[in-house]
Amino acid sequence: MITASPAARITPDAPAADWRQLWREAVTDAGELLDLLGLQHLAGQLPPADAGFQLRVPRGFVARMRHGDPRDPLLLQVLPQLVELDEVPGFVTDAVGDMAAREARGVLHKYHGRALLIASGSCAINCRYCFRRHFPYGEEMAAAGQWKQALEHLRQDPSISELILSGGDPLALATTKLEELGRGLAELPQVIRLRIHSRLPVVLPERIDAAFTGWLGALPLQKVVVLHANHANELDASVDAACARLRATGATVLNQSVLLRGVNDDADALAELSERLFAAGVLPYYLHQLDRVQGAAHFEVDDHRALVLVEALRTHLPGYLVPRLVREVGGDASKRPL
Ligand code: SF4
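Each value, and the rule that gives it
In every chain, residue numbers begin from 1 and rise along the written sequence. For this predicted model, a pLDDT threshold of at least 70 governs which residues receive local features, and a threshold of 80 or more governs which side-chain atom pairs are given and counted, while totals over whole chains, interfaces and linings are taken from all residues. To obtain the side-chain values, all non-hydrogen atoms of the structure were included, while hydrogens and water were left out. UniProt positions are given in the numbering used here, feature names are shortened, and annotations may be inferred rather than shown by experiment. Think of it this way: one heavy atom of a residue within 4 Å of a molecule or strand is enough to make that residue near it. In this classification, the charged set is Asp, Glu, Lys and Arg, the nonpolar set is Ala, Val, Leu, Ile, Met, Phe, Trp, Tyr, Cys and Pro, and all remaining amino acids, among them Gly, are polar. When DSSP finds two or more bridges between a pair of strands, those strands are recorded as paired. Under the DSSP-based scheme used, a helix requires at least four consecutive residues in state H or I and a strand at least two consecutive residues in state E, with every element numbered from the N terminus. Each helix should span, by expectation, one fewer than its residue count multiplied by 1.5 Å. Note on exposure labels: buried denotes an accessible area under 20% of the residue type's maximum, exposed denotes more than 50%, and partly exposed covers the range between, all computed with a 1.4 Å probe on protein chains only. For this analysis, residues touch if any pair of their heavy atoms sits within 4.5 Å. Here the aromatic set is Phe, Tyr and Trp, taking the six-membered ring for Trp, and pairing holds for ring centres within 6.5 Å; pairs whose planes are under 30 degrees apart are stacked, those over 60 apart are edge-to-face, and all others are tilted. Here, the term right-handed applies to a crossover whose path from the first strand over the helix to the second runs clockwise when the strands point away from the viewer. For the purposes of these results, a polar contact is taken to be a pair of N or O atoms within 3.5 Å, where, inside protein, one atom must be able to donate a hydrogen and its partner to accept one; residues adjacent in sequence count only when each atom of the pair is a side-chain atom.

Per an unreviewed UniProt entry, the protein chain is named L-lysine 2,3-aminomutase, and its organism is Rhodanobacter thiooxydans. Recorded in UniProt under Sequence similarities (unreviewed entry), the annotation for the protein chain is "Belongs to the radical SAM superfamily. KamA family." Within the UniProt record for the protein chain, the comment given under Catalytic activity (unreviewed entry) is "L-lysine = D-beta-lysine".

Engineer: Would you explain the site of the ligand in this entry?
Structural biologist: Taken together, Cys123, Ile125, Cys127, Cys130, Gly168, Arg199 and His228 are the residues near the ligand. Of the residues assigned to the shell around the ligand, the class counts are four nonpolar, two polar and one charged.

Engineer: How should I be thinking about the sheet that holds strand E6 (residues 222-228) in this particular structure?
Structural biologist: The pairing of strands in a sheet comes from backbone hydrogen bonds and takes either a parallel or an antiparallel form. Taking strand neighbours across the sheet as the criterion, the ten strands line up as E1-E2-E3-E4-E5-E6-E7-E8-E9-E10 in an open arrangement whose pairing is mixed. Unpaired on one side and paired on the other, strand E1 (102-104) and strand E10 (336-337) mark the two borders of the sheet. Sheet topology note: the strand E3 (residues 114-120)/strand E4 (residues 162-167) ladder contains six bridges and is parallel. Residue pairing across strands places Ile118 opposite Ser166, the latter belonging to E4.

Engineer: So what exactly am I meant to see when it comes to helix H9 (residues 237-248) here?
Structural biologist: Helical periodicity: at 3.6 residues per turn, an α-helix aligns residues three or four positions apart in one direction. The end-to-end C-alpha distance of H9, which contains twelve residues, comes to 16 Å, matching closely the 16 Å that a straight helix rising 1.5 Å per residue would cover. Where H9 is concerned, the buried positions are Val239, Ala242, Cys243, Arg245, Leu246 and Ala248. Elements that come into contact with the buried residues of H9 comprise helix H7 (200-203), helix H8 (210-218), E6 and strand E7 (252-258).

Engineer: How do you make sense of the packing of aromatic side chains when you look at a structure like this?
Structural biologist: By convention here, two paired aromatic rings are described through the distance between centres and the angle between planes. What the rule picks out here adds up to five aromatic pairs. Taken together, a centroid distance of 6.1 Å and an interplanar angle of 70° make the contact between Trp19 and Trp23 edge-to-face. Of this pair, Trp19 and Trp23 both sit in helix H1 (residues 19-24), four residues apart, which is roughly one turn of that helix. For the residue pair Trp19 and Trp23, the accessibility class agrees, reading buried in each case.

Engineer: Looking at this structure, how should I read the UniProt feature "modified residue: N6-(pyridoxal phosphate)lysine" (unreviewed entry) in the protein chain?
Structural biologist: UniProt's feature table lists "modified residue: N6-(pyridoxal phosphate)lysine" (unreviewed entry) at Lys335, given in the numbering used throughout. Excluding residues that lie within four positions of it along the chain, Lys335 makes contacts with Tyr111, Tyr286, His288, Val326, Arg327 and Glu328.

Engineer: What am I meant to see in the pairing of strand E8 (residues 283-288) here?
Structural biologist: Consecutive side chains along a regular strand alternate between the two faces of the sheet. Taking burial as the measure, the six residues of E8 include five buried ones, the bulk of the element. Across five bridges, the pairing between E7 and E8 is parallel. What sits directly across from Val258, in E8, is His288. Crossover handedness for the path E7 to helix H10 (residues 267-279) to E8: right-handed. Bridge analysis of E8 against strand E9 (residues 324-327) gives three bridges, and the strand direction is parallel. Following the sheet pairing, His288 is matched in E9 by Val326. On the question of chirality, the crossover connecting E8 to the parallel E9 by way of helix H11 (residues 303-316) is right-handed.

Engineer: What am I meant to see in the side chain of Glu84 here?
Structural biologist: In this fold, Glu84 is placed in the loop between helix H4 (75-78) and E1. Here the side chain of Glu84 touches Arg128 through a polar contact of 2.9 Å, side chain to side chain. Discounting chain neighbours no more than four positions away, the residues touching Glu84 are Leu79, Arg128, Arg133, Gly295 and His298.

Spelled out as structure tokens, the structure:
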């Protein structure tokens, strides 16, 4: 087992703003979002407000959008579109076979040696292409009851050495809730690594506060934090600082992106994202082909074009800045490289 390094106790430049307050102040009304961006004339093109997946976007993320640009790559990721209501063959509610991989409440087991916990059903931002936009979070929350079922399940499976916290966004949980999990993991010697999948360091970097980094840094496990950013414009100085605080805990920080039509299906945009991530101390890890979830068909990029884009990256960037192009296929033993 790996012990915490001295760096684990360092939390440089912890933010003053309370992330919970910023979370509550998120924009949840599409009309208000359009107003903020000077795009009121698009209000007539919005789907009904009760058409399922609600808009949610932190104000700090809105501030990174271009004013007056309806094609802004950050706006397109969050603005509800009428086209989401179209039924498209092949686009389903459970696009990656989550329910078939369920082993206990909030526990998914897809790949050898790793178990994934649906830690929280909440996200600071609602991404229109989200592969879990129809997930039954109400019934599937691993954090319920002090993580009891999840920890009991892990106890019975000595093959699981890596625990992945996913969601929703696991960092939506209070740090005290994460501390409960940490105490439970101390009784599971086979778990040597904790991986956290979170979009919060990008969309609400204030979440990476002193309490959280103190907990993560002191955790006697190997730590990996996988961010989710799709476009270089998502990263600003506040995200750089959050990434620095994460790295100071001793965590390896990676990024996964989704290839999205109109957002980042452009070799220059993808190259800029890789460069920008590296400047923040983050390595590009995966570029996912879109999971075919109902309501997201308009974001799909065909495989041929995806391969052309990644080949262009390969000829322009060092290998460590080229993310692996993959697709998740339900029932496969690993992500499928393209
Ligand atoms: S942050 Fe992740 S889980 Fe949450 S809506 Fe976006 S893609 Fe889905």
